[in-house]
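Letter by letter, the chains look like this.
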Amino acid sequence: MRSVEFSHVSESQITRAIVDEFAKEFESYVESDVIIVGGGPSGLMAGKELASKGVKVVLIERNNYLGGGFWLGGFLMKKLTVRAPAESILDELGVPYKEYSKGLYVADAPHACSKLIAATCDAGAKILNMVSLDDVVLHNEQVSGVVVNWTAVSAIPHEIAAIDPVSLESKLVIDATGHDASVVKKLEERGLFKTRGQGAMWVEKSENLVVAHVSELYPGLIVTGMAVSTAYGLPRMGPTFGAMLLSGKRAAEIAIEKLKL
Ligand code: 48H
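A word on the overall build of the protein. The secondary structure content of the protein amounts to eight helices and eleven strands. With the principal axes as the frame, the protein shows a C-alpha extent of 60 × 60 × 40 Å. Taken over 261 residues, the protein has a buried fraction of 46%. Here the analysis covers contacts within the protein between residues at least 6 apart in sequence; of these, 68% occur between residues at least 24 apart. Here the protein contributes 26 positive and 31 negative side-chain charges, whose respective centroids are spaced 7 Å apart.

What follows is the structure in structure tokens.
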């Protein structure tokens, strides 16, 4: 192999580059238009749509990796399905797929997931990974941001270190935390909403209902993806992702309408 001469850069300069750039970016997102909690297919899709329309958006993901359930499709078999008309989103993202039967499309999950992540980042959404939702900011009965902490903090027993979280403010928050509906549950803890819990499997009903129920569930809080099923007690759809992508798109449309007011 031919030798390669890398540029002369010190260890301290590498550290400075990381600290400086993180601090600048983090500071600029302490206040944003929209905070999305959850980086699965619905959250990524909402982030891509919002950022591509010039909305200042930050996406918070508790894991190191983005994508949620979109990496695997179903049953550890890394093939994902969407039903018509959601193949239009695969077209938009440039994801190859095949029509398996009428109106049912199959794609490679890692390929689709990485295209969606790249599209969201390319559109300009900022990502905070390894950061978990701790609470909501509530001003005058309006969700006005989130309280967050490093995910690693939750692994430290409280007796060893009590590490306070910080707040990020926004005009709107989107709950895209999947089955957990973590943001909605923060309202439930205070008696402000009653989640109905996810319904049983019924694919034919489920996807239409999920997209139709994407809404501002509480002032300042829009819900999307599987969090919609959990919040409103809708049937689940199993390993098919059309409603996740289209509900993310719908959440972005609702957010844009609200931001115009
Ligand atoms: C920060 C958090 C927190 C938190 C969770 O589960 P997801 O893929 O969610 P969706 O709704 O975009 O897609 C659901 C889909 O993957 C699925 O499970 C389907 C279609 N199931 C159907 C069925 O019948 O079972 O992604 C949610 C993301 C994950 O990356 C979590 O790590 C993250 O949200 N998250 N991030 N703080 N408190 N809670």
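This part takes up the sheet that holds strand 4 (residues 97–101). Strand order across the open sheet formed by three strands is 3-5-4, with antiparallel pairing between neighbours. Across the chains shown, the open sheet's two edge strands, defined by having one partner strand only, are strand 3 (79–83) and strand 4. Pairs of neighbouring strands in the sheet enclose a mean axial angle of 35°, with direction left out of account. Relative to strand 5 (residues 104–108), strand 3 is paired through five bridges, and the arrangement is antiparallel. Counterpart to V82 in the pairing with strand 5 is Y105. Contacts between helix 4 (residues 109–123) and the sheet are confined to strand 3 and strand 5, with strand 5 contributing the most and set at about 80° to the helix.

A few words on the site of the ligand. Around the ligand sit 28 residues in total, of which S42, E61, M226, R236 and G238 are the nearest. Contact between the ligand and S42: an oxygen atom at 2.8 Å from a side-chain N or O atom of the residue. Separating a nitrogen atom of the ligand from a side-chain N or O atom of S182 is a distance of 3.3 Å. Protein contact buries 91% of the 800 Å² of open area that the ligand shows by itself. A total of three residues in the shell around the ligand trace back to one element, the largest contributor, which is strand 7 (residues 131–139). Class assignment of the residues belonging to the shell around the ligand gives a composition of ten nonpolar, 15 polar and three charged.

So, how was this worked out
Residues numbered from 1 in each chain as written. Predicted model: local features only at pLDDT ≥ 70, side-chain atom pairs only at ≥ 80, totals over all residues. Heavy atoms only, no water. Helix = DSSP H or I, 4+ residues; strand = E, 2+ residues; numbered from the N terminus. Buried < 20%, exposed > 50% of the residue type's maximum accessible area, 1.4 Å probe, protein only. Contact = heavy atoms within 4.5 Å. Lys, Arg positive; Asp, Glu negative; His and termini not counted. Charge placed at Lys NZ, Arg CZ, Asp CG, Glu CD. Pairing = 2+ DSSP bridges. Axes fitted to C-alpha atoms, helices over the stretch in contact; angles between N-to-C directions. Near = heavy atom within 4 Å. Polar contact = N/O pair within 3.5 Å; in protein donor to acceptor, adjacent residues only side chain to side chain. Areas by Shrake-Rupley, 256 points an atom, 1.4 Å probe, with all protein chains shown as cover. Nonpolar A, V, L, I, M, F, W, Y, C, P; charged D, E, K, R; others polar.

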